[in-house]
Every structure is written in C-alpha cells, then in structure tokens.
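Letter by letter, the chains look like this.
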Protein chains: 2
Amino acid sequence: MPTKKRTVTIQDVAKKAGVSVSTVSRVLNGKADVAGDTQEKILGVISKLGYTSNLAARSMRSRRKDLLGLVVPDIGFPYSIEVMKGINRAIAESTFDLLVYTMGDVHKSGAVLHEQHYVSLLNNSLTDGVIIVASAAAEFITDAPIIAVDPHIVNPRYPSVQGTNYQGAVEVMQYLLKLGHERIGFICGRPEIASAERRLKGYKDALKEAGIAIDKDLIVPGDFTTKSGYASALQLLNLKHPPTAIFAANDQSALGVFQAAQEMELRIPEDLSVVGFDNIAEAKYVGLTTVDQFLSEMGYIATQMLIKMVNHQPLDVQVHKMPTRLVERTSCRALVQVN
Amino acid sequence: MPTKKRTVTIQDVAKKAGVSVSTVSRVLNGKADVAGDTQEKILGVISKLGYTSNLAARSMRSRRKDLLGLVVPDIGFPYSIEVMKGINRAIAESTFDLLVYTMGDVHKSGAVLHEQHYVSLLNNSLTDGVIIVASAAAEFITDAPIIAVDPHIVNPRYPSVQGTNYQGAVEVMQYLLKLGHERIGFICGRPEIASAERRLKGYKDALKEAGIAIDKDLIVPGDFTTKSGYASALQLLNLKHPPTAIFAANDQSALGVFQAAQEMELRIPEDLSVVGFDNIAEAKYVGLTTVDQFLSEMGYIATQMLIKMVNHQPLDVQVHKMPTRLVERTSCRALVQVN
DNA sequence: ATAGAGAACGATACCGGTATCGTTACCGAT
DNA sequence: ATCGGTAACGATACCGGTATCGTTCTCTAT
C-alpha cells in the first residue's frame, strides 16, 4: 500500500514554478497577461508534477464549466441507449463534455426523489445545463438550462423534444386495418407517462375512425417491460376471441409478445401479427414492424438545443416535435388482398 | 424569460430558519448535536426553499462523497453497454451513486489525453474512486482507488478485472477444428489492446497445437468495428483459397462478416461458419456462436472491488480473472461427422 | 525629468459547503 | 453559591480554484 499522496494542487505548481497561484491560473485558462517564458516554465512544472485541476473547486467559482449533465433512469434500457447515442454524437461535435448521472434502478424506492435530487445536484454544482430523459423530475427547477427528452408530462415548464406519439400510433392502426385486421389488441405502457397515454389514444381514435367498436378486453395493462409484455400477451391470446394482431406500446413489450407466441406455438406473422413502438436495435433482428421515433436524433437535437440555451441563444421552438415513421418488417401479415 | 434566480444555498436556509450554517450542516449530515424541534424547523425550511446541497462545495471539504466515477470511451458501444449493466446493478445494491464520464468519440483526436484528464478529474475532485473500462488511461495515477475492466495493458499498476481472452480463443479454435475446419480466417482487433493480442495468440497456438501451418493471408487486420469486420471479411472471402470459417476478434466485427457474406450471397452457416467474441446482445438475434466473457459480471465485480478499496478493505486478488464460456448457436457448420 | 500607459504579476476576497473549536445555557452535585 | 459536565449551537478556518483589484516595472511621449 503506497503512502497516501496528497493530490497536486495549483499551490504546489505555483511554489515549484516560483510564481503566484494567480499566474498559474492565468496560464491554465489561456489568459493573455503572461510572459512567454513564464508560461513555458509553468507548463513544464504542470506536466512534471502531473497536475490536473480540481473540477469541484473550479466549478464553484467560475460560471462556465463546459460540461453538460444527463440524468437517465436506467442506463441498461435499450430506450436510454438509443437516446444516449444521439447525445453522444452531439457532445463529440461540441466543446462540451458529458456527465451522466444514473440511479441504477428506476423501480427502487424513492427513485423519483433521487432523480430530482440529482438534477439539481448537477444543475447548481457541476454542469452548465442538464438533459432529462423520460422523466417527470425537475418540475421545480427554474434557474438553470434544462431540456427534457420525451418528458412524462405533456407541458413541462422547460423546453423539450417529444415524439409524435399520437400520430405514430394512428399510423400503426391504419396499417393494421389496411391489412384487414379488426380484432387488434393493445398492450399499454405505464399509465402515468404522457407518451403511453398518447399512443393509447391513437389506438382508440383510429378504431373509432374506422367504425370499429372498442373492445375493453383487447386493451391490457403493461409497463414497458418485456416481462409485462409477455404476461399481457398471454392474457390476450387466451381470450375466447383472441386478436389477430397485437400493438404493443413499445418494442420491449412487443418482445414479450414474441416470447408468449413462441410458448403458445403461434407463428409470427402467420398466426399473429405484432407491431411495436420505438425501433430499438433489437427490433431489426427479430423482424419487428415498429414505429421509428428517431430516439437517437431526439437526443442529438435536445443536446443542441441545450447548448444554445447555455450560450444564451434563443430557441427556435420550445417544443421540438419529432416526426415518426412506420418501419415495415416481417411481423405482420395481411388478412385481405392489399392493392 | 424568468429572472436569473440565484440558487438556494445553505446560507439562505440558515437565515430563514434563524440558525447558523453550522446547525443546518449538522442536520444535513444527520449529526446528533441538534435539538428535535430545531431539526424539524430546518427540514421544513429546506423543503420549502427546495434546497439541495452543492456537490462541488461539499466534495471539496469532506473526503467522502458516496459517489463512484466511471470513465468509458463510448457509451454507444454494445461492449460498454454490457459492462455498464453490471456496474449499474452493483451501484443499485450499494449506497453509492454513479457518475459516468464519456468523451463522446474514442476516435477523435486527443481522446487518450482527454481520458487521462477525466480520470484524474473525477478522481481528485468528485468521486471516491474510479472505474476505467477498456482503456490505457490513468497509468500515472497512484493516489486514489482505481480499478480497470479489461485494461489495454497486461499488467496495470492498479487492480483489474480481466477476461481469459487467450483461453477463450483457444476454445473457439478447438471447436472449429473439431467441426473439421482447417482454413480458418482471423479478423484482428486493435493491435495495441492487450485482449486483442491475447485472442490472436490463442488462434495461432491452437493451430500450431493441431499441426496446421499458419497462413498469413488468413490473418487480416481490424479494429473491433462492424465496418472493419465487413472490409476484412471481403478480403478473406476474395482469397484464391477462401477460409471455410472466420473467427472475428469481437462480435461487432463478426456482424461485419455477416454483412459481407450476405452481399456475396454466401449463406451462414451453410457456406461460411462464423464465430465472434463478447456475446453482446445482438449476437443472440443473429444466431452468432461466440464467447461469453460475462461482461456484465465483470462490471459488477469491478464495482464491488472498488467499493472495497474505497472502504479500505483488503482485496482478495489484484487481478480478477473472469472465465469464458463458448456459446454455441447457429453460425457454424460441421464439415465432418462429429461424434 | 516626469507623467501616463500598458505589460506582467501578486494579494486577497470569494464560491458553498464541512470540520474544528469555542461559547452559552442549563443541569445536578458538592 | 460555586463548580463541572453536557447539550445545543455559533464563529471561523479551510478545501482549491477563479475574479478582481492592486502593485511593480518598463517604456514612451511630453
């Protein structure tokens, strides 16, 4: 065990170089007021001592940190991953770095509280601005740049990037109806989340539009997980009049439908048509027809908007609506002749 | 635009509650020396004002932060994602939170420099310890708990969790040899990375062991990306004597082999056998036979080891070797009768 | 020669917390 | 009545940087 070496501070550098801390700080921040040879000497000492500045100390005094924060419920979710890819890309193109705060498990108790805590933690401490993904947190924050991707509530007090969940769901239904399906099951998302509610409404409205009565048995609960998708699919498929098609509120639960179908020895799409929502990476591999809501792009745009806010530039729009696109793969079958 | 509200500080809370900052701090940290009603009043003020403590300020003075840092090259990589899942799990079980630092793009210039910078940034500023994933950074760090997952160099000066890359590669080769393959192509990983080198050595040694001469044409370069896997696969498949099987240094490049095969209208496994390494999520969907090196578990164990280090508990081992397991799926075909 | 300007650098306050030590009030014991 | 002990709380130094202002020195213009 090596002796506990104290970390090198700016004081050490100043002493070693025979100058004041002020001068070292000036060199570190590229200010003009330093003679050429002094600067060289200080830089030499810095690299010799292996000095790196203390983020905490710096961010206390100076406003600008060139750092953006990201609060995400669960890093492991495919959904989060897609969004993060886009954020990553925007970060790589910018002068900012990224600090991700995660709470490990959304479902653990007090997660929302934690979430709020972290947002303000990042917010008034370390970062210039914060991106919140799929959350209701930070409703009380007013004093710093914040942007939400797919917020849980419809009209947050801060800017956001949202998918066109309603329109996307309607398109799915029109597609299934065109294929001749009339008994279409719907696996809900978490009811407290705005996007889940929008998709359900799209499902219902499209049926009404087509003159088909809504059968309550065909609408089953869910919480966006594969597990719940599996359970709900079983429920649907064991109905006396099971649906010919299932529309799951997201791809993760659609994957659960695949599991259930396999277990009941139903082939997709021959015996059952399935559509999801999100277009996560896995969807491609299982041939799931779904709605691409360009999650990565949402992350990308949100980051760019946040950077604008940090730089005190005006935003073109407070709410950026991201269009959706139906991605037709091999999980649906036509029951009628389609032109 | 709302007026720039100053963030609420401990001073504000103290003033509002009619006590000193010391007392507020005591309440925040759960110290005993506070009267019951005083505590209640302060807690009331805190929630009324929506106060949250400034991480930067706190971590400057107090040694313990209950926060672990993670430096990861690219959040979007399936490899990183798997490791992070395990870390996430360990974090959820612990009292620590996690701060992830990413630089967006490994391939952007100066990334290694950035990486080192971030490590020490987190290290001596914000976190109690740091996990480094797949990197050569932090060679110069000596003064704080650090652990590496799959480090780029063989013997880092700090503890690490490593896969048994050599053994895993040997097993793959023995498997392919048993299936009757003799012309086996190898797509390399990034040569500067220790694990890539170990896998290559496993490939060569297994061939030697089987008495098969090494054909240099069958060993092609790569850099762990799907793109390079695609290009290298084309190179192999256009050989005068193309291989009957390709062993890619990781799953990502194996995915590139799939692309190349599809383009050349070769069926897998009928016309070409493919094996990867890592067992990322995608591998399951395409039926890729690969080596599971339990990335998630590696992240989990590394986190637990780091927590021990932070708590000044002794480590059982400095280098935790994680065994590998061949996952047989549908991307390989037997050329001979196998008992 | 002297004033004024500007370059180069130092001294110090300050950011928002925590750690340490000091102070006050109140209690029972001598 | 005086004292010692303890509970409750306040005052202040300090963490490691940056921002601000002041100081010193040189050089040029008058």
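How each quantity is defined
- Within every chain, residues take consecutive numbers counted from 1 along the sequence as written.
- Whichever chain is written first is A, and whichever ligand is written first is 1; the rest continue in order.
- Only residues with pLDDT of at least 70 are given local features in this predicted model, and only at 80 or more are side-chain atom pairs given and counted; all residues enter the totals for whole chains, interfaces and linings.
- Only hydrogens and water are removed before side-chain values are computed, so all heavy atoms of the structure are retained for them.
- A pair of aromatic rings is counted whenever rings of Phe, Tyr or Trp (Trp by its six-membered ring) have centres within 6.5 Å, and the orientation is called stacked for planes under 30 degrees apart, edge-to-face for over 60 and tilted otherwise.
- Remark: a charge is flagged as sitting over a ring if the NZ atom of Lys or the CZ atom of Arg is within 6 Å of the ring centre and within 35 degrees of the ring normal.
- Pairing between two strands is assigned when DSSP locates at least 2 bridges connecting them.
- Secondary structure elements follow DSSP: runs of H or I of four or more residues count as helices, runs of E of two or more count as strands, with numbering from the N terminus.
- By definition, residues are in contact when any of their heavy atoms lie within 4.5 Å.
- Each axis is a line fitted through C-alpha atoms, taken for helices only over the stretch in contact, and angles between the N-to-C directions span 0 to 180 degrees.
- Under this scheme an angle from 65 to 115 degrees is roughly perpendicular, one under 35 degrees roughly parallel, and one over 145 degrees roughly antiparallel; angles in between are oblique.
- Lys, Arg, Asp and Glu make up the charged group, whereas Ala, Val, Leu, Ile, Met, Phe, Trp, Tyr, Cys and Pro make up the nonpolar group; the residues left over, Gly among them, are polar.
- Classification of residues uses two cut-offs on accessible area relative to the type maximum, computed with a 1.4 Å probe and protein chains only: under 20% is buried, over 50% is exposed, and between them is partly exposed.
- The rule for a residue being near a molecule or strand is that one of its heavy atoms must lie within 4 Å of it.
- Residues adjacent in sequence count toward polar contacts only when both atoms are side-chain atoms; beyond that, a polar contact is any pair of N or O atoms within 3.5 Å, and within protein one must be able to donate a hydrogen and the other to accept it.
- Handedness of a helix crossing follows the sense of rotation of the near helix relative to the far helix, less than a right angle counterclockwise being left-handed and clockwise being right-handed.
- Any Lys or Arg side-chain nitrogen found within 4 Å of a carboxyl oxygen on Asp or Glu counts as a salt bridge.

### Some points on the packing of aromatic side chains
1) Next: Overall, the coordinates contain five aromatic pairs over all chains when judged by the stated rule.
2) Next: Through successive ring pairs, a cluster of aromatic residues spans F186, Y203 and F247 of chain A.
3) Next: The ring of F277 of chain A has R199 of chain A lying over it, and the distance from NZ or CZ to the ring centre is 3.9 Å.
4) Next: A cation over a ring is seen here: R89 of chain B above Y300 of chain B, with NZ or CZ 4.1 Å from the ring centre.

### Things to note about the sheet that holds strand β9 (residues 273-275) of chain B
Note on sheets: strands pair through backbone hydrogen bonds, and any given pair is parallel or antiparallel.
All names here are of chain B.
1) Next: What the four strands build is an open sheet, ordered β7-β6-β8-β9; its pairing is parallel. Edge strands, defined here as strands with exactly one partner in the open sheet, are β7 (219-220) and β9.
2) Next: Running at roughly 150 degrees to strand β6 (residues 184-187), helix α9 (residues 226-237) makes contact with β6, β7 and β8 (245-248) of the sheet.
3) Next: Helix α10 (residues 251-263) rests against β6, β8 and β9 of the sheet, and its axis sits at about 160 degrees to β9.

### Here we look at the packing of helix α2 (residues 21-28) of chain A against helix α3 (residues 36-49) of chain A
All names here are of chain A.
1) Next: With their axes 10 Å apart at the nearest point, α2 and α3 run at an angle of 90 degrees to one another. Here α2 is positioned roughly perpendicular relative to α3, judged by the angle of their axes. Across the interface between the two elements, T23, V24, V27 and L28 from α2 touch T38, Q39, I42, L43 and I46 from α3.
2) Next: For the contact of α2 with α3, the residue count by class is six nonpolar, three polar and no charged.

### Some remarks on the pairing of strand β5 (residues 160-163) of chain A
Residue and element names in this part refer to chain A.
1) Next: Neither face of β5 is exposed, since S160 and Q162 on one face and V161 and G163 on the opposite face are all buried.
2) Next: Judged from the two bridges that link them, strand β4 (residues 146-149) and β5 form a sheet pairing that is parallel. Among the inter-strand pairings, A148 is bridged to a residue of β5, identified as S160.
3) Next: Here β5 runs beside strand β11 (residues 319-322); their pairing, made up of four bridges, is parallel. When the bridges of β11 are listed, Q162 appears paired with K321.

### Some points on the protein's contact with DNA strand C
1) Next: Surrounding DNA strand C, one finds 26 residues, the nearest of these being S20, S22, T23 and T38 of chain A together with S25 of chain B.
2) Next: Restricting the count to atoms of DNA strand C within 4 Å of the protein gives a sugar and phosphate share of 59%.
3) Next: Within the backbone of A35 of chain A, a nitrogen or oxygen atom sits 2.7 Å from a phosphate oxygen of DNA strand C.
4) Next: The contact in question runs from a sugar or linking oxygen of DNA strand C to an N or O atom on the side chain of Y51 of chain B, over 2.9 Å.
5) Next: Among the secondary structure elements, those contributing two or more residues to the surface near DNA strand C are α2 and α4 (55-61) of chain A together with α2 (21-28) and α4 (55-61) of chain B.

### Quick look at the protein's contact with DNA strand D
1) Next: Close to DNA strand D lie 26 residues; S25 of chain A together with S20, S22, T23 and T38 of chain B are nearest.
2) Next: Atoms of DNA strand D within 4 Å of the protein belong to the sugar or the phosphate in 59% of instances, the rest to bases.
3) Next: A distance of 2.9 Å separates a base nitrogen of DNA strand D from a polar atom in the side chain of R26 of chain B.
4) Next: D33 of chain B is positioned with one of its side-chain polar atoms (N or O) 3.4 Å from a base nitrogen of DNA strand D.
5) Next: Elements with a minimum of two residues in the surface near DNA strand D: α2 and α4 of chain A together with α2 and α4 of chain B.
6) Next: Tallied by class, residues from the surface near DNA strand D come to eight nonpolar, 11 polar and seven charged.

### What about the packing of helix α5 (residues 78-93) of chain B against helix α12 (residues 295-310) of chain B?
Residues and elements named next belong to chain B.
1) Next: Two elements in contact, α5 and α12, have axes separated by 7 Å at closest approach and are oriented at 40 degrees. By the angle between their axes, α5 is oblique relative to α12. For the pair α5 and α12, the crossing hand works out as right-handed. Between α5 and α12, the residues in contact are Y79, E82, V83, K85, G86, I87, R89, A90, I91 and E93 and L295, S296, E297, G299, Y300, T303 and Q304, respectively.
2) Next: A breakdown of the residues in the contact of α5 with α12 according to their chemical character gives seven nonpolar, five polar and five charged.

### Things to note about the pattern of salt bridges
1) Next: The final tally for this structure, using the stated rule, is 20 salt bridges over all chains.
2) Next: Note that E297 of chain A is salt-bridged to R89 of chain A, the shortest N-O span being 3.3 Å. Note that E297 of chain A is positioned in helix α12 (residues 295-310) and R89 of chain A in helix α5 (residues 78-93), a separation of 208 residues in sequence.
3) Next: What makes R89 of chain A partly exposed here is its relative accessible area of 35%.
4) Next: Note that R267 of chain B is salt-bridged to D271 of chain B, the shortest N-O span being 3.2 Å.

### Structural notes on the side chain of H181 of chain B
1) Next: Structurally, the position occupied by H181 of chain B is in the loop between α7 (165-178) and β6.
2) Next: A polar contact of 2.7 Å, which involves the side chain of H181 of chain B, links it to the side chain of T244 of chain B.

### Quick look at the sheet that holds strand β6 (residues 184-187) of chain A
All names here are of chain A.
1) Next: The parallel open sheet is built from four strands, whose spatial order is β7-β6-β8-β9. What marks the edges here is a single partner per strand, and that holds for β7 (219-220) and β9 (273-275).
2) Next: Relative to β7, β6 runs parallel, the two being bridged by two bridges. In the strand pairing of β7, F186 is matched with I219.
3) Next: Against the sheet, helix α7 (residues 165-178) engages β6, β8 (245-248) and β9, with an angle of about 170 degrees to β8.

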